[in-house]
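The primary structure of each chain is shown beneath.
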Amino acid sequence: MVPFIALIVSFLLFRGLGFAGWGYFDHWQTSQQAACAAMLLFAASAHWGKRRPDLIRMVPPAFPRPDRIVTLTGYLEIAGAIGLQIPFLAPTASICLSLLLIAMFPANVRAARERLTIGGRPVPPLAVRTLLQLVFLAAIVFASPLIPL
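The structure presented is a predicted model; accordingly, all values stated were derived computationally and were not measured.

Trainee: Looking at this model, I keep getting lost on the packing of helix α2 (residues 28-45) against helix α4 (residues 66-85). Mind explaining?
Mentor: Two quantities define a packed helix pair, namely the angle between the axes and the distance from one axis to the other. Between α2 and α4, whose axes approach to 8 Å, the crossing angle comes to 165°. The orientation of α2 relative to α4 falls into the category roughly antiparallel. Considering how the two elements wind past one another, α2 and α4 form a crossing that is left-handed. Residues Q33, A34, C36, A37, L40, L41, A43 and A44 of α2 pack against G74, E77, I78, G80, A81, L84 and Q85 of α4.

Encoded structure:
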């Protein structure tokens, strides 16, 4: 839930900066790219902090070396956040991040079904986690310069 809040608050902050005259954030899509990057960096920080063991438990048992998967997905989130900020990489970053979110969804399903915790707090139910995942996916897709809105 905290990455969702980070996404919304940072988007509003960046759009506010655009309305205040900061030209870079004058368009909603650059604000969306920056907000997605902030959300991804926040989410990636959990891959090495005190929440790391919780994320490792989320990885379905069919996958070998869940510790390496958590490390890899954290690096991919960081790379994607950076890629969204580089204009010629942003479309590719958006596609790759979308695929990453889809690939990580089984861990979210497991966490919800087994009522796991992250940082001592229970994860939201599957319906809420699914909705959040769809919101994150939509945010990443709409952050792409491939979507001319």
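Having seen the model, we can carry on.
Trainee: Can you walk me through the confidence of the model for the protein chain in this structure?
Mentor: Atom-level detail of predicted coordinates should not be read off regions where pLDDT is low. Confidence along the protein chain averages 94 in pLDDT terms, with 98% of residues attaining 70 or more. Within the protein chain, α4 carries the highest mean pLDDT (97), whereas strand β2 (residues 121-122) carries the lowest (92).

Trainee: So what exactly am I meant to see when it comes to unusual backbone geometry here?
Mentor: Trans is the common state for peptide bonds, and a negative phi is the common state for residues other than glycine. Backbone geometry at R65 places phi at a positive 50°, although glycine is not the residue there. Residue position: R65 is located in the loop between α3 (52-58) and α4. On the basis of relative accessibility, which here comes to 42%, the residue R65 falls in the partly exposed class. Phi at R115 takes a positive value of approximately 50°, unusual for a residue other than glycine. In this structure, R115 sits in the loop between α5 (90-113) and β1 (117-118). For R115, a relative accessible area of 72% corresponds to the exposed category.

Trainee: Help me understand the pattern of salt bridges in this model?
Mentor: Enumeration according to the criterion identifies three salt bridges in this entry. Note that R110 and E114 form a salt bridge whose closest N and O atoms lie 3.1 Å from each other. Look at E114 and you get partly exposed, because its relative accessible area is 46%.

Cut-offs and rules
Residues numbered from 1 in each chain as written. Predicted model: local features only at pLDDT ≥ 70, side-chain atom pairs only at ≥ 80, totals over all residues. Heavy atoms only, no water. Axes fitted to C-alpha atoms, helices over the stretch in contact; angles between N-to-C directions. Helix = DSSP H or I, 4+ residues; strand = E, 2+ residues; numbered from the N terminus. Parallel < 35°, antiparallel > 145°, perpendicular 65-115°, else oblique. Left-handed = near helix turned anticlockwise from the far one by under 90°. Contact = heavy atoms within 4.5 Å. pLDDT = per-residue confidence, 0-100. Buried < 20%, exposed > 50% of the residue type's maximum accessible area, 1.4 Å probe, protein only. Salt bridge = Lys/Arg side-chain N within 4 Å of Asp/Glu carboxyl O.

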